[in-house]
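Chain and residue survey
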Amino acid sequence: MIRITTDSAVSLEVDWLVLLSGAHESLPADLRQTDQQLNGKLGSIWSRNEFAGDYCKTLSLRQLTEISPVNLLLAGIGQTEELSAERLRRSLLTALRKINKQPGLRIGVRFADHVAVGWSASTLIELAADCATVAVVDAGVHKQKPSRFDFKEVHIAVDQPPVDADEHVKSGRTIGSAVSGTRCLVNYSAYQMTPERMVEEARELANQCDLEFQVLDAADLARENMNAMLAVAQGSDRTPSLVRLSWRGNPTSSDEIGLAGKGVTFDSGGLSIKPTESMVAMKSDMAGAATVMEAVGAAASLRLPVNVTAWLGLVENMISGQSYRPGDVVTARTGTTIEVQNTDAEGRLVLADVLSYAIDHGTTHLIDLATLTGACVVALGEEITGMFGGCDELSGRIEQAATNTGEYVWPMPMHAHFDELLKSDVADCRNVGPRWGGAVTAACFLRKFVGTTPWVHLDIAGPSWANTSAAWCDSGGTGAMVRTLIQLLRQWPVQSQPARH
Ligand code: BES
Ligand code: MN
Ligand code: ZN
């Protein structure tokens, strides 16, 4: 249960009060009253330099008798000038994850006044509800015993809540659930989260959230001449599928947003096999599909006034007597022939057919999310999403949405000379370029299958997966870009109605 309260935070009957403060050398003025209620305990903590509000630092005060909360957790958010939604979430998540190691806890959350400056109460409420939802999930989908527990009660203390405060709690929960859902889908083993299982997960989500659901099975894909996608799938015992999940929230709008996700449930590399170290995290190669699926589910739960479709390209890239081979030439759905030079460049083959299908089925604005290249991780590191594509308006909106949610995207070039690198002697193109600029040539390859529809490609190979855990998040699937996609859909311009005279 998450509720909003205007009661003073120190009067809350809770096991823990989480109090967020910015970095200050001395006790922040707006905490003086709380300090008095605590008989000067805060002041002495600051003067002894035990806690100064530094980013993601915490300090706990236990068994308090002066105030109603039994324990107090001070949580630092760092310099307020550097604050972003992501930094605020990480600070709060760090604190929540310090205390949710036992079941049944009641907690209060309070942002100090100097933290809340410049943030609307509704944003803070949503963010707190989001964090309280996400903090509960750990990487241990396979553990016998859970190591984190849902809070019994979460009281978010704000002085002046907006009238629709409860709506913001709900949207925070929805967003948090979408992030957690993505993380869980990624964290399951590849023998569990097969293409078939992903289809079932999508079907279930469609039932829960009132989405249109359609699945194209292997025979349908063959009828559609989606031979690039089928080539990747043919080495696996699992059957490939293309899933469509649609939310029609605005029948009067002609905008049809398509979100295409790379859903390679395991990427062994195929015959161009990966070394073990590179293969070990490749159950996460379906993160794009998981991300778009959860984003559309959230759009429906939030009843957003947009039309949006998730397209999931679900296959497994494996090795067998049926595998596609380096040197094979395959004909994509558009008729373009592709010389396969490396079976490990499989995501682009899957997306080639998925993108063209999405465009031929009503998409007016297309965004794909894919764990497409290691080269993108080399270029931007593990936390920044590479953004490619010719549509400045669409990429501008994505950038804005990312800034608002505090996630990191960075625009990448796609100059025409990269296309030269994909030329083939025997086919219309090949599926890999030379080593340098690998993230760009991958994006240029996708561009061949998009035509003139506004399109942006997001390479999430780095951000979708964390190799190590941090105070605010376990290792494994991260749910990166789920919040940005939801924010993009929330900010989508509602088409103006024809003026009435
Ligand atoms: N799924 C990988 C990309 C990847 C790498 C995702 C690291 C997450 C972390 C993709 O299918 C792949 O194997 N790409 C190759 C392309 C190469 C063969 C041109 C790569 O990046 O090495
Ligand atoms: Mn690969
Ligand atoms: Zn891959």
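Look above for the structure.
Treat the numbers as computed from the prediction; the structure is a model and nothing was measured.

Quick notes on the rules
Residues numbered from 1 in each chain as written. Chains lettered and ligands numbered in written order. Predicted model: local features only at pLDDT ≥ 70, side-chain atom pairs only at ≥ 80, totals over all residues. Heavy atoms only, no water. Helix = DSSP H or I, 4+ residues; strand = E, 2+ residues; numbered from the N terminus. Contact = heavy atoms within 4.5 Å. Salt bridge = Lys/Arg side-chain N within 4 Å of Asp/Glu carboxyl O. Donors = N, O, S within 2.8 Å, 3.2 Å for Na, K, Ca; no water. Tetrahedral: all angles 85-135°; square planar, octahedral: opposite > 155°, others 65-115°. Buried < 20%, exposed > 50% of the residue type's maximum accessible area, 1.4 Å probe, protein only.

Considering the environment of cysteine 56
Residue placement: cysteine 56 occurs in the loop between α2 (41–47) and β3 (58–61). When the C-alpha positions of cysteine 56 and alanine 471 are compared, they lie 7.9 Å apart, and in sequence the two are 415 residues distant. Once residues within four sequence positions are removed from consideration, cysteine 56 is found in contact with Gly76, Arg90, Ser91, Thr94 and Trp472.

Points about the pattern of salt bridges
Taken as a whole and judged by the stated rule, the model has 31 salt bridges. Between arginine 97 and aspartate 474 there is a salt bridge, with its nearest N and O atoms 3.2 Å apart. Placement of the pair is arginine 97 in helix α3 (residues 85–99) and aspartate 474 in the loop between β18 (465–466) and β19 (476–477), with a sequence separation of 377 residues. In this structure, aspartate 328 and arginine 325 form a salt bridge, with 3.3 Å as the shortest nitrogen-oxygen distance. When salt bridges that share partners are traced, they join Glu86, Arg89, Arg90 and Glu383 into one network.

With respect to the coordination of the zinc ion (ligand 3)
Within the protein, the atoms that donate to the zinc ion (ligand 3) are Lys262 (NZ), Asp267 (OD), Asp285 (OD) and Glu346 (OE), at distances of 2.0 to 2.4 Å. Of note is the zinc ion (ligand 3), whose 6 donor atoms meet at the metal with angles of 78 to 173 degrees in an arrangement that counts as octahedral. Along the chain, the residues donating to the zinc ion (ligand 3) are arranged with the sequence spacing K-x4-D-x17-D-x60-E. Separating the zinc ion (ligand 3) from the manganese ion (ligand 2) is a gap of 3.1 Å, which aspartate 267 spans by donating to each of them. With aspartate 285 in the loop between α10 (276–279) and α11 (287–301) and glutamate 346 in the loop between β12 (337–339) and α12 (347–360), this pair connects stretches of sequence that are 61 residues apart. On the basis of relative accessible area, aspartate 285 is assigned to the buried category, the value being 2%. Judged by its relative accessible area of 1%, glutamate 346 is buried.

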